[in-house]
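Summary of structural features
What follows is each chain in one-letter form.
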Amino acid sequence: MFTPMEFFHSDSFSSQVRHLMAQHHVPGLAIAIVQDDEIASAGYGYACLDPEKPCTADTLFDIASCSKSMTAASVGLLVEDNEKYPKVQWETTMSSLLPDDFVMPTTEATQGVTVEDILSHRTGMGCHDLSYMGPQAAQPDTARSVTRNLRNLDMVYPLRAKFLYNNMMFTVAAHLVEVKTQQSFTEFLEEHFFQPLGMDSTSLQPSSARAKGLGGRMARGYEWFKEDSAYRNFPPPDAPESQGAGFIVTSVNDYIKWVKALLRREGPVSETLYQGLVRLRSFQNPDGKRLRKFESPLMYAAGLDVSWYRGYTVIGHGGYIGGFGSHFFFLPEMNFGIVAMGNAGNANPVSNSVCRLLINAVLNVSKMDRPLKSKKSKKKTPDAVKSDLTIRTKARPSDHTRSTRKNESRRDDKSDNVSNNEEAKDQTTPRDAPKPKSKKPQQKPEKKPRPQTKPLSEYVGKYWNPGYHTLTVDIKDDKLFVDATDRTFGCTMTFEHVSDQRKYIAHISDVYEGGDYKATTQFVFDESGRAVRMGLDFESELKHLIWFEREKDT
């Protein structure tokens, strides 16, 4: 039986990693592990395909929501410092700390949401990932404006009623850090985490990495398009309006130092801070359904997932953004930790599976009850891979994916039974895969679309919602069209008429990932026959549409 370090360096492990990468079309993958004080790392494949650039353990990746643990730890340092920040405690209400900025849509939520609520996805606020504006917008959002916009967005559940993944609240946490410390969030991370831990290659935002002269080490992001049998590639984008929720750029050689600090209580991680971070706060799957043998239900602490596998605590998080996927886990009882990062949209199943292989190695587990199965590949999975893979983990709403509509079943009751035949896909998904889950209604017969007879010019104009700002409806290729590429998760929308000249399906295509993610849409007309309101199904957990009012003279 191999030790974890021996298994990591074995030909068997390398073969399994390369097979998974080929199976899921992942150009490059980097992995690092820590066992006690010993660290090992390796890179596989390519950070860039044209020109070819090898992926190494020093290649830089956007780690998306793997950033959240550092955001929670940043707040935890304020909680720990009672001399400078005595009012900042886990149980302190956010409205008392940010009285002008933190206002929720209900008085109860405004007065009740605490620091630990925003870090454990239990505020009841919907995801609303298409509500914030990127750097390319005429009026880009900031962490403060995202915080102040909460009052204009809909709650989905009462406070603490249900776990509901929310990126915005971690941006709110970053804003809290900036207000209380009078430092930028970048400066705070550099001073309290990156520099003390020797994470010299780690930055917040790709532009910061380039400013440090590290641009040549950054991986390009890739999405595989099956119909073309080809990749689409792009550099990791900046999104300062989403700081705190993601957008740390790092390498496995750097990030394993953060995992080691959590394991060993090193550098900025005191025992008090650690206990504050890992305290259980939310049940992600309280019904315990779809669990495999030896798995516990999944909990959420503060920027960290917590579960138990074969009696051992497993703590970590996943990250996904278009073109990149990552995971980290650590097992406190075994003094063992893992980081895996890849440069493809399909990297998450690979990074998760690789982590599971290594967890099984450290626990001396030779066989999992259910093998990894990929519906996207007909390649035979080697027995060596089948024997050790993989964990089924909680599907989440958007984790900084570039579309909130991917692999999502739509509700027909939002717009008078407007037909939408997009069904949820039953897949083994990574922990933070951006695939919102809702109860699937009984499928209704698909209606044949009726012809568009009303002039498209009657719909054209600017439509405004206080939380989602302005969407401009134009005509393109004889269809109604919206260019929403100014959003953080930029996309375009092409409208297909369904019935009554007012019921449509918006086909949403991500600016990077492409795709066809469908959203129920409805228009309302005035007496003259011109459209004056537009409702869109932007929030999967809501039972109603998000309504936009047409601006006058547009």
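Report follows, based on the coordinates. (Residues numbered from 1 in each chain as written. Predicted model: local features only at pLDDT ≥ 70, side-chain atom pairs only at ≥ 80, totals over all residues. Heavy atoms only, no water.)

1. Regarding the sheet that holds strand β20 (residues 514–525)
Where strands meet in a sheet, backbone hydrogen bonds hold them as pairs that are either parallel or antiparallel. What counts, and what does not: By the convention used here, strands pair only if DSSP detects at least 2 bridges between them. Under the scheme used here, helices are H or I runs from DSSP no shorter than 4 residues and strands are E runs no shorter than 2 residues, and both carry numbers assigned from the N terminus. To get an axis, a line is fitted to the C-alpha atoms, and for a helix only the part in contact is used. The angle between two axes follows their N-to-C directions and goes from 0 to 180 degrees.
Spatial strand order, β15-β16-β17-β18-β19-β20-β21-β22: 8 strands in a closed barrel with antiparallel pairing. The average undirected angle you get between the axes of adjacent strands in this sheet is 30°.

2. Structural notes on the pairing of strand β12 (residues 312–321)
So the rule is basically this: Relative accessibility under 20% of the residue-type maximum defines a buried residue, over 50% an exposed one, and the middle range a partly exposed one, all with a 1.4 Å probe and only protein chains included.
Counting buried positions along β12 gives 9 out of 10 residues, so the element sits mostly inside the fold. Sheet topology note: the strand β11 (residues 305–309)/β12 ladder contains 5 bridges and is antiparallel. Bridge pairing links Asp-305 to Gly-316 in β12. As consecutive antiparallel partners, β11 and β12 are separated by 2 residues, and within that stretch Arg-310 has a phi angle of approximately 55°, a positive value. Here β12 runs beside strand β13 (residues 324–331); their pairing, made up of 7 bridges, is antiparallel. Bridging from a neighbouring strand, Ile-321 pairs with Phe-324 of β13. Hairpin geometry of β12 and β13 is characterised by an intervening segment of 2 residues between the two adjacent antiparallel strands and by a positive phi of about 90° at Gly-323.

3. As for the sheet that holds strand β3 (residues 52–54)
Counted only if it meets this: Note on contacts: a residue pair qualifies if any of its non-hydrogen atoms lie within 4.5 Å across the two residues.
Taking strand neighbours across the sheet as the criterion, the 9 strands line up as β3-β2-β1-β14-β13-β12-β11-β10-β9 in an open arrangement whose pairing is antiparallel. The strands lining the two open edges of the sheet, one partner per strand, are β3 and β9 (282–283). Those strands touched by helix α2 (residues 11–23) are β1 (28–35) and β2 (38–49), and its axis lies near 35° from that of β2.

4. Considerations on the packing of helix α3 (residues 68–80) against helix α8 (residues 168–181)
A pair of packed helices is characterised by two quantities: the angle between their axes and the separation of those axes. Worth spelling out the cut-off: Crossing handedness is read from the near helix: turned anticlockwise from the far helix by less than a right angle, it gives a left-handed crossing, and turned clockwise, a right-handed one. Basically, the charged four are Asp, Glu, Lys and Arg, the nonpolar ten are Ala, Val, Leu, Ile, Met, Phe, Trp, Tyr, Cys and Pro, and anything else, Gly included, counts as polar.
Here α3 crosses α8 at 35°, and the two axes come no closer than 10 Å. Pair α3 / α8 crosses with left-handed handedness. Listed contacts from α8 to Lys-68, Thr-71, Ser-74, Val-75 and Leu-78 of α3 are Phe-170, Ala-173, Ala-174, Val-177, Lys-180 and Thr-181. Classifying every residue of the contact of α3 with α8 gives 6 nonpolar, 3 polar and 2 charged.

5. Considerations on helix α12 (residues 271–278)
Along α12, the positions that sit buried rather than exposed are Leu-273, Tyr-274, Gly-276, Leu-277 and Val-278. Contact partners of the buried residues in α12: α3, α11 (252–264), β11, β12 and β13.

6. Description of α8
For clarity, the threshold we go by: Each residue after the first adds 1.5 Å to the expected span of a helix.
Over its 14 residues, α8 extends 20 Å from the first C-alpha to the last, a length consistent with the 20 Å expected when each residue adds 1.5 Å. The buried fraction of α8 amounts to 11 of the 14 residues, a majority that puts the element mostly inside the structure. Among all positions in α8, only Met-168, Met-169, Phe-170, Thr-171, Val-172, Ala-173, Ala-174, His-175, Leu-176, Val-177 and Thr-181 are buried. Structurally, α8 contributes buried residues whose contacts are with α3, α4 (94–97), α6 (115–118), α7 (143–148), α9 (185–194) and β10 (299–300). Gln-182, located one to two residues past α8, shows a positive phi value of around 60°.

7. Some details on the pairing of strand β18 (residues 491–499)
Both strand β17 (residues 479–484) and β18 contribute to a ladder of 4 bridges, which runs antiparallel. In the strand pairing of β18, Ala-484 is matched with Cys-491. Taken together, β17 and the strand that follows it, β18, pair antiparallel across an intervening segment of 6 residues. Strand direction decides the pairing type here: β18 and strand β19 (residues 503–510), joined by 8 bridges, are antiparallel. Bridge assignment links Met-493 to a residue of β19, and that residue is Ile-508. Counted along the chain from β18 to the antiparallel partner β19, the turn is 3 residues long, and its residue Asp-500 has a positive phi close to 60°.

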